[in-house]
Amino acid sequence: QVQLVESGGGLVQPGGSLRLSCAASGFTFSRYSMNWYRQAPGKERELVAIITSTGGNTNYADSVKGRFTISRDNAKNTVYLQMNSLKPEDTAVYYCNVNKGQRYWGQGTQVTVSS
């Protein structure tokens, strides 16, 4: 059974940093691209970052380019999202996602950027 468990969210001041983690289980992690999405209150869920199965290619939403970095450790079945220079508009619930024909989601982790 596929499980995705996010952690690392919290309250941070503008300009601060957070590192999110997503621990995956129940599938062959190293074979799949992984994604981070986010959903702010009253807004649709949006794709933030993608990383290919080997970690060789990444892609980012324009709104986070140059500030966020997605990475993965296939030995630990974990994908990360390093978030720097955080802005209030980054406030959202962040979700880990894998698409195996069926899309699977974690429970999400809240990130709040506020002074």
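Structural data are supplied above this passage.
Keep in mind that what you see is a predicted model, and the values were worked out from it rather than measured.

Asker: Sorry if this is basic, but what is going on with the pattern of salt bridges here?
Answerer: Pairing between side chains becomes possible if they bear opposite charge and their charged atoms approach one another. Applying the stated criterion across every chain yields a total of four salt bridges. The salt bridge involving K65 is made with D62; its shortest N-O contact spans 3.2 Å. Note that R67 is salt-bridged to D90, the shortest N-O span being 2.7 Å. Of the two residues, R67 is situated in the loop between β6 (58-60) and β7 (68-73) and D90 in the loop between β8 (78-83) and β9 (92-99); the sequence distance between them amounts to 23 residues. With a relative accessible area of 0%, D90 lands in the buried category.

Asker: Any chance you could explain the sheet that holds β8 here in plain terms?
Answerer: Paired through backbone hydrogen bonds, the strands of a sheet run either parallel or antiparallel to each other. Judged by pairing direction, the sheet is antiparallel, and its four strands sit side by side in the order β1-β3-β8-β7 without closing on themselves. The open sheet terminates on both sides in strands that have one partner only, identified here as β1 (3-7) and β7. Averaged over all neighbouring strand pairs, the angle between strand axes comes to 15°, with direction disregarded. Relative to β8, strand β3 (residues 18-25) is paired through six bridges, and the arrangement is antiparallel. Across the sheet, the residue bridging to R19 is Q82, located in β8.

How each quantity is defined
- Residues numbered from 1 in each chain as written.
- Predicted model: local features only at pLDDT ≥ 70, side-chain atom pairs only at ≥ 80, totals over all residues.
- Heavy atoms only, no water.
- Salt bridge = Lys/Arg side-chain N within 4 Å of Asp/Glu carboxyl O.
- Helix = DSSP H or I, 4+ residues; strand = E, 2+ residues; numbered from the N terminus.
- Buried < 20%, exposed > 50% of the residue type's maximum accessible area, 1.4 Å probe, protein only.
- Pairing = 2+ DSSP bridges.
- Axes fitted to C-alpha atoms, helices over the stretch in contact; angles between N-to-C directions.

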